[in-house]
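Take a look at the letters that make up each chain.
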Amino acid sequence: MINNASKWIIDCTDKIPESNNIKTVLDLACGSGRNSILFSNKNYKIIAVDINSKYLHSFNGNNIYRILADIEDVAKWPFIEKSFDIIIVVNFLNRKIFKNIFKSLKKDGYLIYETFGEGQEKIGKPKNKEFLLKKNELLKISKELKLIAYEEVKVFSQEINYIKHRIMCKNVQHKNL
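Residues numbered from 1 in each chain as written. Predicted model: local features only at pLDDT ≥ 70, side-chain atom pairs only at ≥ 80, totals over all residues. Heavy atoms only, no water.

Chemist: How should I be thinking about the pattern of salt bridges in this particular structure?
Modeler: When the charged atoms of two side chains with opposite charge come close together, those side chains can pair. For the coordinates displayed, the defined rule picks out nine salt bridges. In this structure, the salt-bridge partner of D108 is K107, at a minimum N-O distance of 3.3 Å. By relative accessible area, D108 is classed as partly exposed at 33%. Its relative accessible area of 34% is what places K107 among the partly exposed residues. Note that K135 is salt-bridged to E152, the shortest N-O span being 3.4 Å. In this pair, K135 sits in the loop between β5 (105–116) and α5 (137–141) while E152 sits in strand β6 (residues 146–156), placing the two residues 17 residues apart along the sequence. (Salt bridge = Lys/Arg side-chain N within 4 Å of Asp/Glu carboxyl O. Buried < 20%, exposed > 50% of the residue type's maximum accessible area, 1.4 Å probe, protein only. Helix = DSSP H or I, 4+ residues; strand = E, 2+ residues; numbered from the N terminus.)

Chemist: What is the right way to look at helix α1 (residues 7–15) in this model?
Modeler: Because each turn of an α-helix spans 3.6 residues, side chains separated by three or four positions in sequence point in the same direction. Of the positions making up α1, those classed as buried are W8, I9, C12 and T13. Projected onto a plane normal to the axis of α1, the buried residues spread over an arc of 130 degrees and lie on a single side. Exposed and oriented more than 90 degrees from the buried face of α1 are K7 and D14. In this structure, the buried residues of α1 make contact with α2 (34–40), β4 (84–90), β5, β6 and β7 (161–170). (Arc of directions from axis to C-beta. Contact = heavy atoms within 4.5 Å.)

Chemist: Could you clarify how one ought to interpret the sheet that holds strand β1 (residues 24–28) in this entry?
Modeler: By definition, the strands of a sheet pair up through backbone hydrogen bonds, in either a parallel or an antiparallel sense. On the basis of which strands lie adjacent, the open sheet formed by seven strands has the order β3-β2-β1-β4-β5-β7-β6 and mixed pairing. With one partner strand each, in any of the chains shown, β3 (64–68) and β6 form the two edges of the open sheet. For this sheet the average axis-to-axis angle between neighbouring strands, irrespective of direction, equals 15 degrees. As judged from the ten bridges shared by β6 and β7, these two strands associate in the antiparallel manner. Residue pairing across strands places V153 opposite K164, the latter belonging to β7. (Pairing = 2+ DSSP bridges. Axes fitted to C-alpha atoms, helices over the stretch in contact; angles between N-to-C directions.)

Shown next as structure tokens:
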């Protein structure tokens, strides 16, 4: 289990101007809550969502509200009537829910996304290519948002090996997409 917040998430939050009126963060597929805790320490209201109740109850923090839900069921998206200032997703991919994610992003809200890319199956999990992004796929999926940062990285070291795609973008549309 990884205990520290994603470095990508930390770096992206540092890019958000303090003048922004950020109040709510949605952490989708939050797992053990490492990124929820990061935002909790910044005094944001966090909605931490996961399908695994064991994970949801494995962490604590101020202003963290836990929701046990299967976000992969597009028809039962739990946030139809809600929107968020920041939506974060780390190490999770279901292409079918991107439309729901975008609809849940407030105007001037930020999407911060990080997950595995093709080639990862050769060096570790996930092995299923359905859970791996293709080259530039995040750019194409989020083309309606304003790009702030993007990278496709390959890390090979004695401690860890991974291939990840990462994006930070902003909803500059006049309403939720």
